[in-house]
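Below, each chain spelled out in residue letters.
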Amino acid sequence: MNEQNRVIAALKPLLADHLDDATLAKLIETPKTSDLGDYAFPVFQLAKIFHKAPQQIAADLVAQINQAGFEKVVAVGPYINFFLDKPQFSHDLLQTILQQADQYGDADLGHQGQVPIDMSSPNIAKPISMGHLRSTVIGNAIANILAKVGYKPVKINHLGDWGTQFGKLIVGYKKWGSEAAVKADPITNLLKYYVKFHQEDVEHPELDEEAREWFVKLEAGDEEATKLWSWFREVSLKEFMKIYNMLGIKFDSFNGEAFYNDKMAEVVQMLTDKKLLKESRGAEIVDLTAYDLNPALIKKSDGATLYITRDLAAAIYRKRTYHFVQSLYVVGNEQRDHFKQLKAVLKEMGFAWSDDIHHIPFGLITQGGKKLSTRQGHVILLENVLNDAVDLAQKEIDAKNPALANKQQVAKQVGIGAVIFHDLKNERLNNFDFNLEEVVRFEGETGPYVQYTNARAQSILRKAAVELNARADYTITDPAAWDVLKQLAEFPDMIVRASKAYEPSIIAKYALRLAKNFNKYYANTKVLVADNEKTARLAMVASVSQVLTQSLALLGVEAPAEM
Ligand code: ARG
């Protein structure tokens, strides 16, 4: 059972008339150091009820409390300190983890409710940026965490495959491009046309007019425009898939912005029916003054629809298709206002479920403290970052464990895992600096460090070569094991917290802490010495490996058994 419930159960017979379970739970504290017990209950609140000094109340309660299941329960000033029964605790916990294996930590908060997660969503004909990389790995981790607590995530890549930029791209391609060049290096060359368009249109504003016309044609289904567009989309997506494959990330849907092209008329009609559309300088807007937001621009004066119009259609489509219980958008913090507008317009339209839409923002990746620029060739850069990480991992493995089998595969798991872990260990809203050498280090707060700790646990188990039976006696009395045991017990709680805050860093930080605690324990304890707690110690080693592997898997990082 959850150990805190043990404390509640002990207090309840004495306090049920005055405090309910939820209040008890809220009052229970975890002392900073374990010499003050595993849990503490402050009694200040009871002074008014019992008309006694807190110290006296604590002493009186301790005299009456049923101490079964605890090593001891003592009054210290106005606190009651609870010390868990360590042998019992270790036995119960290790049995539970070995029995439940991969299911340890599962919860059913979601009741299988569907949760679309809008993630990655790069723009066609442009490189995937570091921001899109963040969205991809954060979204993937959130999907894993939500699945663990009983939701059904639906990972949607809302590709930026529609919009006025396609008019510009078509003009650019027709003026300066060639089929051969696009085939040879799609993203680099398509981006070149787009960049050139923006250089040229300064002196040739008529280019803008041409581009606008092409986009209007595209929206109307013109054959030539559609053909070019779908070709650009196809070659870009192929490039993106390389990166997704390297990261080991899959999507449930690639319905991008273009998918909503035939679904926007209905949205505009609904807005009209609800009298929400207003004309402003020829364009159609929804006024959001009441929300302290800029107006949402729904339709331009030439009839072209906009980013938010497509997002409105997408939100409604997702509600109808998935009957979602929550709908998430893992998108950089700079789009905060866009998502506020989106929610506000949906609210104005009368959709109560607009409250279930959550923008999950994140900060920037910097290099040497500076914002990364999304200039030309960046897609190659991102692929390079991943390849360089694998190379670095390979070098490290060559030095540390040259005889390792399937070194190349392990180097991939370590290098790519390092980049993902580095992204996820920071609270997602924080900006962080990217320095490849630091990311791939085998020591310190890195993914490889956690992977390495797991591999070490695995090697201990291989050496011991015993079959661990989930029903054996797993009593550990050694106080040196206590921190590790208690931390293993926290895992289910961490997952719940991470799921509620949409915060993978909670899991990453937990894994780092567990790895550190385990290494400290291992440095001072002879795990394999033959005494009557040897099997229990091995069960703990197996449990650590189990929980580290699961933590990494939740983050989307693999855990090689040897490295
Ligand atoms: N393609 C957009 C960009 O790169 C991100 C799309 C986010 N998702 C959405 N439904 N608006 O900025």
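All of these numbers come straight from a predicted model, not from anything done at the bench.

As a further point, take the overall build of the chain. Counting its secondary structure elements, the chain contains 21 helices and 13 strands. The C-alpha extent of the chain, read off along each of the three principal axes, is 85 × 65 × 40 Å. A total of 563 residues make up the chain; the buried ones form 40% of that total. In the chain, the proportion of contacts linking residues at least 24 apart, taken out of those at least 6 apart, comes to 75%.

The full set of residues close to the ligand is Asp118, Ser121, Pro122, Asn123, His158, Gly160, Asp311, Ala314, Tyr329 and Val331. Its residues placed into classes, the shell around the ligand shows four nonpolar, four polar and two charged.

Turning to the sheet that holds strand E3 (residues 79–84), a few remarks are in order. In a beta sheet, neighbouring strands are held together by backbone hydrogen bonds and run either parallel or antiparallel to one another. Reading across the sheet, the three strands line up as E1-E3-E2 and stay open at both edges, with antiparallel pairing between neighbours. Where the open sheet ends on each side, the last strands, each with one partner, are strand E1 (39–42) and strand E2 (70–76). Neighbour-to-neighbour, the strand axes of this sheet turn through a mean angle of 15 degrees, independent of strand direction. Packing of helix H1 (residues 3–15) onto the sheet brings it into contact with E1 and E3, and relative to E1 it is tilted by some 40 degrees. Each of E2 and E3 is contacted by helix H4 (residues 54–64), which is oriented at about 155 degrees to E2, the strand it contacts most.

Soluble, globular proteins show a tendency: their nonpolar side chains are buried together. With 107 residues, the main nonpolar core has Ile142, Ala389, Ile507, Ala511, Met540, Val544 and Leu555 as its most contacted residues. Non-local contacts of Ala511, meaning those with residues more than four positions away in its chain, are made with Val450, Leu548, Ser551 and Leu552. One finds Ile124, Val171, Tyr173 and Phe215 within the second-largest nonpolar core, a separate group that totals 24 residues.

Cross-referencing UniProt, the feature "short sequence motif: 'HIGH' region" (unreviewed entry) maps to residues 122–132 in the present numbering. In residues 122–132, the share of helix is 27% and the share of strand is 0%. The end C-alpha atoms are 6 Å apart.

What the four strands build is an open sheet, ordered E5-E4-E9-E10; its pairing is parallel. A strand with exactly one partner marks an edge of an open sheet, and here the two such strands are strand E5 (152–156) and strand E10 (357–360). Direction aside, neighbouring strands of the sheet carry axes that sit 20 degrees apart on average. In this structure, strand E4 (residues 114–118) lies alongside strand E9 (residues 327–330), joined through two bridges in parallel fashion. Residue pairing in the sheet places Ile117 in a bridge with Leu328 of E9.

Here the UniProt feature "domain: Arginyl tRNA synthetase N-terminal" (unreviewed entry) sits at residues 5–84. Here residues 5–84 is 41% helix and 21% strand, with 12 Å between the C-alpha atoms at its ends.

Another aspect to go through is the packing of helix H16 (residues 407–424) against helix H18 (residues 447–464). Following both chains from N to C, one finds H16 and H18 inclined at 125 degrees, their axes separated by 7 Å at the closest point. In terms of orientation, H16 and H18 fall into the oblique class. Residues Val414, Gly417, Ala418, Ile420, Phe421 and His422 of H16 pack against Gly447, Pro448 and Gln451 of H18. In terms of residue class, the contact of H16 with H18 is made up of five nonpolar, four polar and no charged.

Rules of the game
Residues numbered from 1 in each chain as written. Predicted model: local features only at pLDDT ≥ 70, side-chain atom pairs only at ≥ 80, totals over all residues. Helix = DSSP H or I, 4+ residues; strand = E, 2+ residues; numbered from the N terminus. Buried ≥ 20, exposed ≤ 12 C-beta atoms within 10 Å, placed from the backbone. Contact = placed C-beta atoms within 7 Å. Near = placed C-beta within 6 Å. Nonpolar A, V, L, I, M, F, W, Y, C, P; charged D, E, K, R; others polar. Pairing = 2+ DSSP bridges. Axes fitted to C-alpha atoms, helices over the stretch in contact; angles between N-to-C directions. Core = buried A, V, L, I, M, F, W, Y, C linked by C-beta atoms within 7 Å. UniProt positions renumbered as here; feature names shortened; annotations may be inferred. Parallel < 35°, antiparallel > 145°, perpendicular 65-115°, else oblique.

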